[in-house]
Amino acid sequence: MSSPLIDVHAHLLPDFYVQQATAAGHAHPDGMAGWPPWSVAAHLDLMDRNGIETAMLSMSSTRRALR
């Protein structure tokens, strides 16, 4: 039996965060074309499909702009 996987570097992007970051002028986070879609359901589905039992979540690096 294999050990369950743990994702130690996962980001969450809740709607309120994306809205505040965009309002603060961050439409292109970290040089990307825009904010990627994110939801709890989609993240849990990704975890299930890849055998990930636990994910350590953190906000995107743009959080500095929201202080």
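Cut-off values and rules
- Chains are numbered independently. Their residues run from 1 in the order of the written sequence.
- The predicted origin of the model limits local features to residues at a pLDDT of at least 70 and limits the giving and counting of side-chain atom pairs to 80 or more, whereas totals for whole chains, interfaces and linings rest on all residues.
- As a rule here, side-chain values come from all non-hydrogen atoms in the structure, and water together with hydrogens is ignored.
- Secondary structure follows DSSP: runs of H or I at least 4 residues long count as helices, runs of E at least 2 residues long count as strands, and numbering of each begins at the N terminus.
- In this scheme, a residue with accessible area under 20% of its type's maximum is buried, one over 50% is exposed, and one in between is partly exposed, where area comes from a 1.4 Å probe on protein chains only.
- It only takes one pair of heavy atoms within 4.5 Å for two residues to be counted as in contact.
- The accessible surface values rely on the Shrake-Rupley method and a 1.4 Å probe; as for residues, cover is taken only from the protein chains in view.
- The arc in question is formed by the directions pointing from the helix axis toward the C-beta atoms.
- Two joining distances apply to patches: 9 Å for like charges and 5 Å for nonpolar side chains (Val, Leu, Ile, Met, Phe, Trp, Tyr), and every residue must have over 30% relative accessible area and no salt bridge.
- By convention in these notes, a salt bridge is any Lys or Arg side-chain nitrogen within 4 Å of a carboxyl oxygen on Asp or Glu.
- Nonpolar core, defined: a set of buried Ala, Val, Leu, Ile, Met, Phe, Trp, Tyr and Cys residues in which side-chain atoms within 4.5 Å join the residues together.

### Comments concerning the overall build of the protein chain
Then, in step 1: From N to C terminus, the protein chain includes two helices and two strands.
Then, in step 2: When the helices and strands of the protein chain are placed in sequence order, the string is β-α-α-β.
Then, in step 3: The burial tally for the protein chain puts 21% of its 67 residues in the buried class.
Then, in step 4: The long-range share in the protein chain, meaning contacts at least 24 apart out of those at least 6 apart in sequence, stands at 75%.
Then, in step 5: Accessible surface for the protein chain amounts to roughly 5000 Å². Of this, 58% is attributable to carbon and sulfur atoms.

### Section: helix α1 (residues 15-23)
Then, in step 1: All of the buried residues along α1 are Y17, V18 and A21. Along the long axis of α1, the arc covered by the buried residues comes to 95°, so they all point the same way. Structural note: α1 exposes D15, Q19 and A23 on the side pointing more than 90 degrees away from its buried face.
Then, in step 2: Tucked into the core, α1 has its buried residues touching β2 (52-59).
Then, in step 3: Immediately beyond the C-terminal end of α1, within one or two residues, lies G25, with a positive phi of roughly 95°.

### Quick look at the environment of V8
Then, in step 1: With respect to the secondary-structure elements, V8 resides in strand β1 (residues 5-12).
Then, in step 2: Relative accessible area serves as the criterion here: at 65%, V8 is assigned to the exposed category.
Then, in step 3: Residues V8 and T54 lie 46 residues apart in sequence; the distance between their C-alpha atoms is 8.3 Å.

### What to know about a nonpolar patch on the surface
Then, in step 1: Taken together, the side chains of I6, V8 and M56 define a hydrophobic patch exposed on the protein surface, amounting to about 320 Å² of accessible area.
Then, in step 2: Along the chain, I6 turns up in strand β1.

### Quick look at the nonpolar core
Then, in step 1: If you look at the biggest cluster of nonpolar residues, it comprises five residues: L13, Y17, V18, A21 and W35.
Then, in step 2: For V18, the contacting residues outside a window of four places in its chain are L13 and W35.

### Describing the environment of S3
Then, in step 1: Within the secondary structure layout, S3 lies in the segment before β1.
Then, in step 2: Given a relative accessible area of 60%, S3 falls into the exposed group.
Then, in step 3: On a C-alpha basis, the gap between S3 and G51 in space is 9.7 Å, while along the polypeptide they are 48 residues apart.

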